[in-house]
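Coordinates in review
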Amino acid sequence: MKIIDRIKKGQEEGRPLFSFEYFSPKTAQGMVNLHDRIERMCYLGPEFIDITWGAGGSRPAATLEVVSNAQKVYGVETCMHLICTNNPTDKIDKALNEARACGNQNILALRGDPPHGQSEWSACEGGLNYGADLVRYIRKTHGDYFGIGVAGYPEKHPESATMEEDLKYLKEKIDAGADFIVTQLFFNVPMFLDWVKACRAYGINCPIIPGIMPIQAYASFKKNIVGVSVPEWILNGIEPIKNDDQAIRAFGVEVGIKMTLELIEGGVCGIHYYTFNLERSTRLILEGAGLVNKTDYIKKNMPWRSSFDEKRKEESVRPIFWANRQKSYISRTDNWDEFPNGRWGDSRSPAYGDLDRYGVYLKYTADEAIQNWGSPNDLEDICKLFVKYCHGETLTLPWSDQALALESGTIMDRLIELNSLGYLTINSQPAVNGAKSDDKIFGWGPKGGYVYQKAYLEFFVSPETLERLKQRMNKFPNFTYNAMNKTGDLHTNTNGSKPNAVTWGVFPGREVVQPTIVELASFDAWKDEAFALWDQWSKCYPQNSKPRNLLAEMGQSWYLVNIVNNDYHEKDGIFEIFKEDVLAQQAKAAVDAAVEQVSAQLQETDISVLKQEADTSSATTKIESIAVAEAVKA
Ligand SMILES: Cc1cc2nc3c(=O)[nH]c(=O)nc-3n(C[C@H](O)[C@H](O)[C@H](O)COP(=O)(O)OP(=O)(O)OC[C@H]3O[C@@H](n4cnc5c(N)ncnc54)[C@H](O)[C@@H]3O)c2cc1C
Ligand SMILES: NC(=O)c1ccc[n+]([C@@H]2O[C@H](COP(=O)([O-])OP(=O)(O)OC[C@H]3O[C@@H](n4cnc5c(N)ncnc54)[C@H](O)[C@@H]3O)[C@@H](O)[C@H]2O)c1
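Residues numbered from 1 in each chain as written. Chains lettered and ligands numbered in written order. Predicted model: local features only at pLDDT ≥ 70, side-chain atom pairs only at ≥ 80, totals over all residues. Heavy atoms only, no water.

The secondary structure content of the protein chain amounts to 23 helices and 18 strands. The burial tally for the protein chain puts 52% of its 634 residues in the buried class. Within the protein chain, contacts between residues separated by at least 24 positions form 73% of all contacts whose residues are at least 6 apart in sequence. For the protein chain, the exposed surface amounts to about 28,600 Å²; the carbon and sulfur share of it is 51%. (Helix = DSSP H or I, 4+ residues; strand = E, 2+ residues; numbered from the N terminus. Buried < 20%, exposed > 50% of the residue type's maximum accessible area, 1.4 Å probe, protein only. Contact = heavy atoms within 4.5 Å. Areas by Shrake-Rupley, 256 points an atom, 1.4 Å probe, with all protein chains shown as cover.)

Moving on, we get to the site of ligand 1. Taken together, 27 residues are adjacent to ligand 1, and Trp-53, Asp-113, Gly-131, Tyr-153 and Lys-173 come closest. Measuring from an oxygen atom of ligand 1, one finds a side-chain N or O atom of Tyr-153 at 2.7 Å. A total of 980 Å² of accessible area belongs to ligand 1 in isolation, and the protein chains cover 91% of it. When residues of the shell around ligand 1 are traced back to their parent elements, those giving at least two are strand S3 (78-83), strand S4 (106-110), helix H6 (163-175) and strand S6 (180-183). The greatest single-element share of the shell around ligand 1, amounting to four residues, is contributed by H6. (Near = heavy atom within 4 Å. Polar contact = N/O pair within 3.5 Å; in protein donor to acceptor, adjacent residues only side chain to side chain.)

Spatial strand order, S11-S12-S16-S17: four strands in an open sheet with antiparallel pairing. Of all the strands in the sheet, just strand S11 (432-436) and strand S17 (513-518) have a single pairing partner and so form its edges. Taken over all neighbouring pairs, the strand axes of this sheet differ in orientation by 20 degrees on average, direction set aside. (Pairing = 2+ DSSP bridges. Axes fitted to C-alpha atoms, helices over the stretch in contact; angles between N-to-C directions.)

Turning our eyes to something else, we now look at the pattern of salt bridges. Per the counting criterion, the structure on display carries 29 salt bridges. A salt bridge links Arg-37 to Glu-279, with the shortest nitrogen-to-oxygen separation between them at 3.4 Å. Here Arg-37, found in helix H2 (residues 28-42), pairs with Glu-279, found in the loop between strand S9 (270-274) and helix H11 (280-288); they are 242 residues apart in sequence, far enough to count as distant. When sorted by exposure, Arg-37 lands in the same class as Glu-279, which is buried. Asp-194 serves as the salt-bridge partner of Lys-197, at 3.9 Å between the closest nitrogen and oxygen. Taken together, the residues Lys-197 and Asp-194, both in helix H7 (residues 189-201) and three residues apart, mark about one turn of the helix. (Salt bridge = Lys/Arg side-chain N within 4 Å of Asp/Glu carboxyl O.)

A complete count under the given rule lists 24 aromatic pairs for this structure. Seen in terms of ring centroids, Phe-186 and Phe-192 are 4.7 Å apart; in terms of plane orientation they differ by 5 degrees. Their pairing is stacked. In this structure, Phe-186 and Phe-192 share a single accessibility class: buried. Both rings, one in Phe-460 and one in Trp-534, keep their centres 5.2 Å apart while their planes meet at 75 degrees; by these two values the pair is edge-to-face. Of the two residues, Phe-460 sits in strand S13 (residues 455-461) while Trp-534 sits in helix H19 (residues 520-538), which places them 74 residues apart along the sequence. Pair check on accessibility: Phe-460 and Trp-534 agree, each one buried. Among the aromatic side chains, those forming a connected cluster through ring pairs are Trp-373, Phe-386, Trp-399, Phe-460, Phe-531, Trp-534 and Trp-537. Above the ring of Trp-233, the side-chain terminus of Lys-258 is found at 5.0 Å from the ring centroid. (Phe/Tyr/Trp six-rings, centres within 6.5 Å; stacked < 30°, edge-to-face > 60°. Lys NZ or Arg CZ within 6 Å of the ring centre and 35° of its normal.)

At their nearest, the axes of helix H16 (residues 379-391) and helix H17 (residues 412-420) sit 8 Å apart, and the two run at 170 degrees to each other. In terms of axis orientation, H16 runs roughly antiparallel to H17. Contacts between H16 and H17 involve Cys-383, Phe-386, Val-387, Cys-390 and His-391 from the former and Met-412, Leu-415, Ile-416, Asn-419 and Ser-420 from the latter. A per-class count over the contact of H16 with H17 returns seven nonpolar, three polar and no charged. (Parallel < 35°, antiparallel > 145°, perpendicular 65-115°, else oblique. Nonpolar A, V, L, I, M, F, W, Y, C, P; charged D, E, K, R; others polar.)

Further remarks concern the confidence of the model for the protein chain. Mean pLDDT over the protein chain stands at 85; residues scoring 70 or higher make up 83%. Below a pLDDT of 50 lies the segment residues 302-333, which in the model reaches 39 contacts outside its immediate sequence neighbourhood of four places, other chains included. Two summary scores accompany this predicted model of the complex, namely pTM at 0.71 and ipTM at 0.77. (pLDDT = per-residue confidence, 0-100.)

Turning to unusual backbone geometry, a few remarks are in order. For Asn-86, which is not glycine, the phi torsion reads 55 degrees and is therefore positive. By the secondary structure assignment, Asn-86 is in the loop between S3 and helix H4 (89-101). Positive phi outside glycine occurs at Asn-277, with the angle close to 65 degrees. Here Asn-277 lies in the loop between S9 and H11.

The subject of this paragraph is the nonpolar core. Grouped together as the largest cluster of nonpolar side chains are 93 residues, with contacts concentrated most on Phe-20, Met-80, Leu-82, Phe-187 and Phe-221. Here this core takes seven residues from helix H10 (residues 245-265), the largest share from any one element. Setting aside residues no more than four positions away along its own chain, Phe-20 makes contact with Met-41, Leu-44, Pro-46, Phe-48, Ile-49, Asp-50, His-272, Tyr-273, Thr-275, Thr-282 and Leu-286. Formed by 55 residues, the second largest nonpolar core is a distinct cluster that contains Ala-431, Phe-459, Val-461 and Leu-520. (Core = buried A, V, L, I, M, F, W, Y, C linked by side-chain atoms within 4.5 Å.)

Time to look at helix H18 (residues 463-473). For an α-helix, 3.6 residues make a turn, and residues three or four places apart therefore share a direction. Taken as a whole, H18 has its buried residues at Thr-465, Leu-466, Leu-469, Arg-472 and Met-473. For H18, the angular spread of buried residues about the axis comes to 120 degrees, placing them on one side. In H18, those exposed residues whose orientation departs by more than 90 degrees from the buried face are Glu-464 and Gln-471. (Arc of directions from axis to C-beta.)

Residue placement: Ala-123 occurs in the loop between S4 and helix H5 (131-142). On the basis of relative accessible area, Ala-123 is assigned to the partly exposed category, the value being 29%. Placed 117 residues apart in sequence, Ala-123 and Arg-6 show a C-alpha to C-alpha distance of 33 Å. Contacts of Ala-123, omitting those with residues within four sequence positions, involve Leu-128 and Asn-129.

One pass over the structure, following the stated rule, counts zero disulfides. Cys-199 takes part in no disulfide bond, and the closest cysteine sulfur to it belongs to Cys-206, at a distance of 8.2 Å. A disulfide-free cysteine, Cys-383 has its sulfur positioned 11 Å from the sulfur of Cys-390, the nearest such atom. (Disulfide = S-S within 2.5 Å.)

For Ala-552, the position within the fold is in helix H20 (residues 546-557). A C-alpha to C-alpha distance of 10.0 Å links Ala-552 and Ala-532, two positions 20 residues apart in sequence.

Taking strand neighbours across the sheet as the criterion, the nine strands line up as S7-S6-S5-S4-S3-S2-S1-S9-S8 in an open arrangement whose pairing is parallel. The sheet terminates laterally at strand S7 (208-209) and strand S8 (211-212), the two strands that pair on one side only. Along the sheet face, helix H3 (residues 60-72) touches strand S2 (48-51) and S3 and points at about 160 degrees away from the line of S3.

Put into structure tokens, the structure is as follows:
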């Protein structure tokens, strides 16, 4: 059924609808668990769900797999996003035909952002220009079969010069045959309601569904508010609790409930929730706003819970005797992957690794990249850039969106040393042996706890340096490492893929929590993105230029390595493995300095004088002194 018909029915019945957005997961296990999650969330009663299309046209097969399963297996009305970026019309035809073949009848038609490394939008060869062109194309090729939604921007699209211009093109999309609008996320409800009035005044009369993002973690909140105005009360509420994931989620639910109620009050036809593939916050918002009935949900979805006594209903800890029945455990809890929001999360989670809804990519245009990172011509230039980043002289790298965290200050000198040696670091954490959870530098999680970390380093190295490192590894029995190049050539001493907890916390009255793990499956998924960033960075420079060739070649041949020192008592132990390089560098520096000193002295000494002096010495001494003097001068 078309979404527009569902919206009309909801409007006739006077009930506000709600819907969920998901993205296609990065790992195979994440995909399996997303299906479980979608199935469970269907019991909340969304009118439809939609699945994003990876930026730059990446992983269309994964999008289609989720669409197909949701539509066919769970029977939930599903809307597939489709973009023009990197999608010539033959690919668009293929996607539409496949969507149609699995019973899908709804498309969110989008232009997409400019391809990676490009600051301005241009269509690909054989592709379409704008969202409106895609709407027209779908209508031309499939008539009325699909219901079509388009994107709207309550704070205007960043490329539009004025709101007037933005509304003009929004209307063009509706006139081209779109049925409804879903908006970009926002936090200011009165501003949204004013924008709806402006749309109506402009003659845009179709249903407009506001899209809102439950705040579930500080990092993703920060990443997604670029260009979005956030009311003071939200900013003031979030900053003091930014290191306490549990408090952030609770606050996010509070914000979500308030916005939902205000929007319903403002007369919207429905609300679209950007779930980021997580479940709990969205469910709590819907319950808090009275849009779903908690008891009904538990009865339908978790019959085992409703038969428990009251005290056990909120259980989310895995009893020890379930240890070997992960699937039962996972599907019995709705928040197994939600608290606390770790650095990389768990690769089994559908939400794994995505702080951005449409995938990881270089956040800068080519001009900005060149301005930020210069034009490296050789390895030395690249090492210098990484060293500058560690010094705080440049605030980002392609792999690091933000300046070094406070905790990295404690190992900054060591990081500088490593980068100057050609170990290009992109992530790190120092060892911590029981800091208080409210510690200004290392603390996280609820108050009254203690937190721990194993030292961790992640860096790129040349194949030759990797070989040298591997040879040293057996002298460090507490170290585990994984290394992979772009093609997936793996070197490891981890013997299998068991997750290694590298950050954990002990808090009053709850189980030990381990937000960050290192494991092969997530490393494997991450490495594709890490190497894609070399490629995207290289494309910021003109073809055949030195920087372009250098960066492309490094992305092709270098390895991404992570090392964990499992003995978290050793504060600086992880750096011992690089000692030989440091000593060699120091020895080389000493020799260079000595040669420089001698040659400076010789500059002042005339060789002819030496020759004269030598004439008075024995023949052997004479030849030796002249040879030494000439060699040093050379
Ligand atoms: C609800 C929602 C879902 C999204 N899902 C995805 C997703 O799954 N994958 C993804 O990669 N991205 C997604 N995006 C991001 C979206 O692709 C970008 O915001 C993109 O930059 C604009 O897409 P659009 O369809 O709104 O573009 P358009 O409507 O084509 O507008 C883009 C810009 O061009 C201007 N414009 C339009 N027509 C013309 C014209 N004829 N002449 C000159 N200028 C014109 C507009 O004013 C605007 O500034 C989503 C955005 C939203 C709001
Ligand atoms: N190993 C894996 O399995 C895996 C999987 C996914 C992502 N990642 C990593 O996650 C990173 C982003 O995640 P995050 O949430 O941990 O970020 P974060 O900001 O929470 O933490 C990054 C930490 O690394 C430090 N750091 C940042 N840039 C650095 C650099 N260039 N050199 C040395 N230290 C640096 C920061 O100061 C901070 O302490 C990616 O860049 C990637 O390295 C790793």
